Amino acid sequence: MGSICDEKLSKIMDNFDDTWEKITNSSSASVEGIDYEGVDCVLRPLKGTICSEYVVAHGRCPLRPVRNFGEVFLLPHILESMHKLGLNKLLRLQSYTWPHLAKGAGRGAMIVGAPCSGRTLSYLPVVCHAVCTDTHPLKEDPSPLGFLETGAWRPDEYGPRALIVVPDLQRVLQVSALCHALLRHTKKEDWFTLTLNVSTTRSAEFFLRLLNGVGCLVATPAQLVWFWQEHPGLMRFPRLQFLVYDDVDLMSAEQLTAAQQVVQGLLPLTSHPQVVMVSQHYRPKLMAELRAVNDDPALVFGDILEAALYGGTRIRISISCSAAKSRAVVQALQQCPPKDFRTVIFCTNDTDIQQLVVALEDQGYDCLPYFQTAGMTVHERVLSWQENTCGAILLCTDSCPELIIRDAHSLIHYSMSRSWSQFKLRHLVLSEHLSNLFASPVGPLKRQLQSLVLLDDSNHRKLPRLVDFLQVHQEVDPAVLAVAKRLRQEMDNANNKKVTLCSQILTLGKCYKPVCTDRHHLSNADRCPDYMPASGDVKLQLVRVYSPTHFCVRLLEHMPPNGTWQLLPNPAVQQMRLQLMQEQEPRRYWPPVVGDICMYHGKFTKERVRVLKVAAIENPKVVQSDLSVEVQGLDVDTRTTVTTCGQLFDCPEAVQREPPLACDLRLFGLVPYSGERSWTEESKQDVRYVLSQLPNDHFLQAKIEFTAAGTLFVRDLVAIVYADQIKTHLRYLCLAKKLIATTMAKRCVQATDWIRDFFKEALIDVEEEGDLAGHKARAEQPEENEVENKLKEACPAQVQSKPVLSGRCQRLVKLALEMGRENELQQIQRAAGSAMGEELAGEMTNLSVRTNENTGANSENDKVAQLYECVRKCALLQLEDRKEQAQPKESDRNCNDPVEFLKQVLSTEDSIKRRPKQNNKASAAKPAKEPPNHFQMEIELPPNVVRPPVTYYQTISTLELQVSLPDDGQEYSCFLQEPQIFFRATSKSSSLIQQFVLTLKLPCRSLRHHSRGRTVYISVTKELARYCPLALGEYRFLKPNYDMFDKVDYHQQKARSRLIRFLENFGYAKPKARSQEASEESEDEEPNLVGVERGDINTLYD
């Protein structure tokens, strides 16, 4: 591409005047405001136990390492910067890579090593040296490129000299800080940027810096994809000399492919930069790609075990008892005879060597033991053994550095090493026979290299780490995997340093960190505790926002599946109660134990915390105040902090037993939209701002997918507000949808599956416990179920099918419980007066006699007998009501004729005396409060049928009902068949049916209904436009809507006032005289109006 088109350039130059001053005043920028001077903490120190003194290096020709810094051809200021950073030791890994990469174009490399072993510094000084060398010719141009006219930039100066691709944002910060530290003293022009990061704010400054030239561009694959999608074909990178993929094995296949496609589009056809790949594990596919773009690549291993697997070594694991290990060694020697395979056996100490020598010599094998006290004679025998083994087996320990053996074929680990690094170095004895990928295939056929690991009771705890390593490269026996999994759980439960789960596992389902000290396996603590809901819906109080998908909340209400809302203990009240339960002068907490609950005394608060990690304690009897302890909050929030023992105090046992007030909540399956594995600070601040702008009267609600590791996993977090105009709740904000709509997050099916698979065992345990609890509950009440079944068989079908007993029966049930059993039974038998009643009473009496005999044997069945007697008497009363209904009284009839109904209402009102000074106005519209009936008994409904909560109120012409359904979008049907209203609602996602049948005692004309959200509005039009007694107290699912009653009263009072003022304006006097009948009534007497609902016929209505 020759130049940038004017249209794309005009977009970049819109804010050029504002951004140029910032660019010219800084030589190194990240566009995110990162100050590299203050990020020394991100420079991770090298670990001596990981940095290998030995290296396996392969290439087309033998690679020659440098011996000291004097042989290294690097610029003086780069060496000086390394010296100031404390990098004074030349590692073997760097001694091979620096001279190879310094040779220039076509010399790529793949560097394989453990994290913190010097992998980044094995290429970065050479890259910085190339950048500094390439910036000197720029001084020949006296005018800065930024002051050239639009379109006058030189195409051969675009872009960076080195592009470093890293897996995540944290790694961007670390590598950028190292680049800046090595390039800070480079002499350059002001317009040239030494270190640059891709902007997440999409500002023009980033593109302007690329136009003026950049030294090192450090970015993630997702950032490169964004840059290419933002301005595809904007520019190319003709000056690119180095292309580095750091921690390439931590990038997913999709990320790596996308990054390679972007790089292919950015590079001109004539540009061939040096490609460097840094990885923790060797990948043949990556090596093939490296060889395709470099003429002379090199493969350098700082990890000897990785080199052994690359060279064709087959590693096997054998688990047996200590006594059977000798037989396992003999079997391995029979498969690989020592005459054909030079064999080395590593033991822990000289004692193991002596025991194994005796066992092998008994089998006729020639042994060459090399004890730690061996002299020159034995050493000379070892040298002759290296020239010609003659079938002898060399036995040695890890404490023999003078032995230099590189040409063995078979390696047997009779005992595991004390450390993982020593176990890796054992495979150095196979290094000369490792296959060289770059060597000519012509040659003799090499023997298969073997490495056998024998594990017993003394060293079996090394198995999980070894299995994790082998699973990356080869298949592992399922039996060995099961043993490793069991051992890992035991170690995690006993390990005091790894308690909390890795945050990336909770977000992505997998950990991509090269060095992570958190726990990556399930433990017993990850199961759902009893005090946390495992399913259903919850109402929440937001406490803290940790990330766009991670929050700290407090639980307010819980609705189980197919249940109703249940209030949970108020967090504020609980916190005050916990404070009152604390001791005034608590003792110091010592010694700290992982998992314990103690009190943390901060500057302003005292709160409960749980101990997560404890530093090493030298002497538990000596109390230390400066011992480092990591704790997690339980009540105020769930943050994790590091403190000292001086701020921890004992917590009373009663306070420890109280459940935590705060818990974590995570949006399930949401990952950053950009493809990163962590959230940026900008996204966290945006979510905090959105949640802080919610209305004051809102509440948060979420549906639980599952609960594990003290965290509620939900699909969405919804903010709900109450609309006063329509008297219903509306969704104000759906956070998950908001994050997806603003391209801040996206749904990831893979992350969802990984998280579910990780917590699979914990979820299975919860389901099994629920099933056991259900079986136990059913087993605890066998007698009650038996009596209930007998009652169902004895009672007629008509009695069982009636849903609710009448009001008269309910009142008689209350009286029946207060009277004697025998006397009441005789009265009910006389009142029944029918053969059917006598027959039923006889059957019930026989059951009662048998029940009384059983109660004499077991006093605990007395309550069951009382319940049985009550149900039996209710059934008899039901039969009596059925007889009475055959000849109903005139006053009890439900009149559907409007004229007859009006006469009944007027006659009822004339029979009731009103107080003279009582101001009824429109108060008759309100329902009279009936005393709650605690003895209302319902016949059992099908398990999938429930009655929804319904509120009601009436106007002068209509009866209004509001039905609340549990979910949106439910299908419902509603119709009027005088004098009853039938309602039924079903859901596609659940078999639960919401239905009710309402019998009205007033004539109705028509019914209208509509739905909005989860509320169904039903309006019943009356035949007569007046207020009528409703008498709906028998239905427990019906509740009066007092707010609407008050509003109706208010509007009627205003209409009456307007009418009175209108009449007064025309000269009509307001009547002040009272009727004589009312005046004769004493003011001290109060008529008995209990249970009467009526309207004032003297009230004026509009």
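First, a word on scope: everything that follows refers to the structure included in this document. Note that this is a predicted model, so its numbers are computed, not measured. (Residues numbered from 1 in each chain as written. Predicted model: local features only at pLDDT ≥ 70, side-chain atom pairs only at ≥ 80, totals over all residues. Heavy atoms only, no water.)

### Examining the overall build of the protein
Heads up, the condition is: Helix numbering and strand numbering both begin at the N terminus, where a helix is a DSSP run of H or I of at least 4 residues and a strand a DSSP run of E of at least 2. Only protein chains enter the accessibility calculation, which uses a 1.4 Å probe; a residue is then buried when its area is under 20% of its type maximum, exposed when over 50%, and partly exposed in between. By definition, residues are in contact when any of their heavy atoms lie within 4.5 Å. The Shrake-Rupley method, run with a 1.4 Å probe, gives the accessible areas here. Residue values count only the displayed protein chains as cover.
When you go through the protein residue by residue, the secondary structure sums to 33 helices and 37 strands. Among the 1102 residues that make up the protein, the fraction classed as buried is 47%. Taking as baseline every contact in the protein between residues at least 6 positions apart, the subset at least 24 positions apart corresponds to 72%. Total accessible area computed for the protein in this model is approximately 57200 Å², and 50% of it derives from carbon and sulfur atoms.

### So, helix α21 (residues 681-692)
Selection rule: Helix span is expected to be 1.5 Å times the residue number reduced by one. Directions from the helix axis toward the C-beta atoms define the arc.
An ideal rise of 1.5 Å per residue puts 16 Å on 12 residues; α21 measures up with 16 Å between its terminal C-alpha atoms. When we look at burial in α21, the residues that qualify are S683, K684, V687 and L691. What you see down the axis of α21 is that its buried residues fit within an arc of 100°, all on one side. Buried positions along α21 lie against β15 (536-547), β16 (550-559), β27 (728-734) and α22 (735-741).

### Comments concerning the packing of helix α5 (residues 124-135) against helix α6 (residues 169-183)
Heads up, the condition is: Angles run from 0 to 180 degrees between N-to-C directions of axes, and those axes are lines fitted to C-alpha atoms, restricted for helices to the stretch in contact. Geometric relationships in this document are graded by angle, where less than 35 degrees denotes roughly parallel, more than 145 denotes roughly antiparallel, 65 to 115 denotes roughly perpendicular, and other angles denote oblique. Left-handed describes a crossing whose near helix is turned anticlockwise from the far helix through less than a right angle; right-handed describes the clockwise counterpart. Think of it as three bins: nonpolar holds Ala, Val, Leu, Ile, Met, Phe, Trp, Tyr, Cys and Pro, charged holds Asp, Glu, Lys and Arg, and polar takes everything else, Gly as well.
Following both chains from N to C, one finds α5 and α6 inclined at 50°, their axes separated by 10 Å at the closest point. By the criterion of interaxial angle, the relationship of α5 to α6 is oblique. When you trace α5 past α6, the crossing you get is right-handed. Residue-level contacts link L124, P125, C128, V131 and C132 of α5 to L178, C179, L182 and L183 of α6. Taken together, the residues of the contact of α5 with α6 sort by class into 9 nonpolar, no polar and no charged.

### Digging into the side chain of T313
Under the convention used in this document: Counting of polar contacts relies on pairs of N or O atoms within 3.5 Å, with two restrictions inside protein: one atom must be capable of donating a hydrogen and the other of accepting it, and residues adjacent in sequence are counted only when both atoms are side-chain atoms.
Mapped onto the secondary structure, T313 falls in the loop between α11 (304-310) and β9 (314-319). Among the polar contacts made by the side chain of T313, one reaches the main-chain carbonyl oxygen of A308 at a distance of 2.9 Å. Apart from the residues within four sequence positions on either side, T313 is in contact with A308, L430, L434, Q448, L449, Q450 and S451.

### Re the sheet that holds strand β18 (residues 597-601)
As a reminder of what qualifies: Should DSSP find at least two bridges between two strands, the strands are taken to pair.
Pairing is antiparallel across the open sheet formed by 5 strands, whose spatial order is β21-β20-β19-β18-β22. The sheet terminates laterally at β21 (640-644) and β22 (648-649), the two strands that pair on one side only. Where strand β19 (residues 606-614) lies against strand β20 (residues 628-633), 5 bridges are found, and the strand directions are antiparallel. Each residue of the ladder has a partner; that of V614, found in β20, is V629.

### Some thoughts on the packing of aromatic side chains
The following threshold applies: The criterion for an aromatic pair is that two Phe, Tyr or Trp rings (for Trp, the six-membered ring) have centres within 6.5 Å, with stacked assigned to planes under 30 degrees apart, edge-to-face to planes over 60 apart and tilted to the rest. When the NZ atom of lysine or the CZ atom of arginine is within 6 Å of a ring's centre and also within 35 degrees of its normal, the charge is said to sit over that ring.
Applying the stated criterion to the full structure yields 18 aromatic pairs. Between Y282 and Y310, the aromatic rings sit 5.0 Å apart at their centres with planes inclined by 70°, giving edge-to-face as the arrangement. A residue pair is termed long-range when its members are at least 10 positions apart, and Y282 in the loop between β7 (274-279) and α10 (284-293) and Y310 in helix α11 qualify at 28 residues. Its relative accessible area of 12% is what places Y310 among the buried residues. With centroids separated by 6.2 Å and ring planes inclined at 70°, the aromatic side chains of W420 and F469 adopt a geometry described as edge-to-face. A residue pair is termed long-range when its members are at least 10 positions apart, and W420 in helix α15 (residues 420-426) and F469 in helix α16 (residues 463-473) qualify at 49 residues. Grouping residues by exposure puts W420 and F469 together as buried. Within the aromatic cluster, the residues linked to one another by ring pairs are F668, F706, F713, F758 and F759. Taking the ring centre of Y414 as reference, the NZ or CZ of K325 above it sits at 4.4 Å. Of note, K539 hangs over the ring of F699, and the distance from its end group to the ring centre comes to 4.7 Å.

### Quick word on the nonpolar core
The following threshold applies: Within this scheme, the nonpolar core is defined by two criteria: the residues are buried Ala, Val, Leu, Ile, Met, Phe, Trp, Tyr or Cys, and they are joined through side-chain atoms within 4.5 Å.
Grouped together as the largest cluster of nonpolar side chains are 64 residues, with contacts concentrated most on M110, F227, Y245 and L299. Beyond its immediate stretch of four places on either side in the chain, M110 contacts M277, Y282, R283, L286, M287, L290, A298, L299 and V300. One finds V127, A130, V166 and F192 within the second-largest nonpolar core, a separate group that totals 45 residues.

### Details of the sheet that holds strand β1 (residues 56-59)
As summarised here, the arrangement of the 8 strands in space is β1-β8-β2-β7-β6-β3-β5-β4, forming an open sheet in which the pairing is mixed. Each having just a single partner strand, β1 and β4 (193-197) make up the two edges of the open sheet. For this sheet, the mean angle separating the axes of adjacent strands, direction not counted, is 15°. Direction of pairing for β4 relative to strand β5 (residues 214-219): parallel, over a ladder of 4 bridges. Pairing of L196 across the sheet is with L217, part of β5. Sheet strands in contact with helix α8 (residues 221-230) are β3 (160-165) and β5, and its direction is about 115° off that of β5.

Scope: geometric values only; no functional claims are made or implied.
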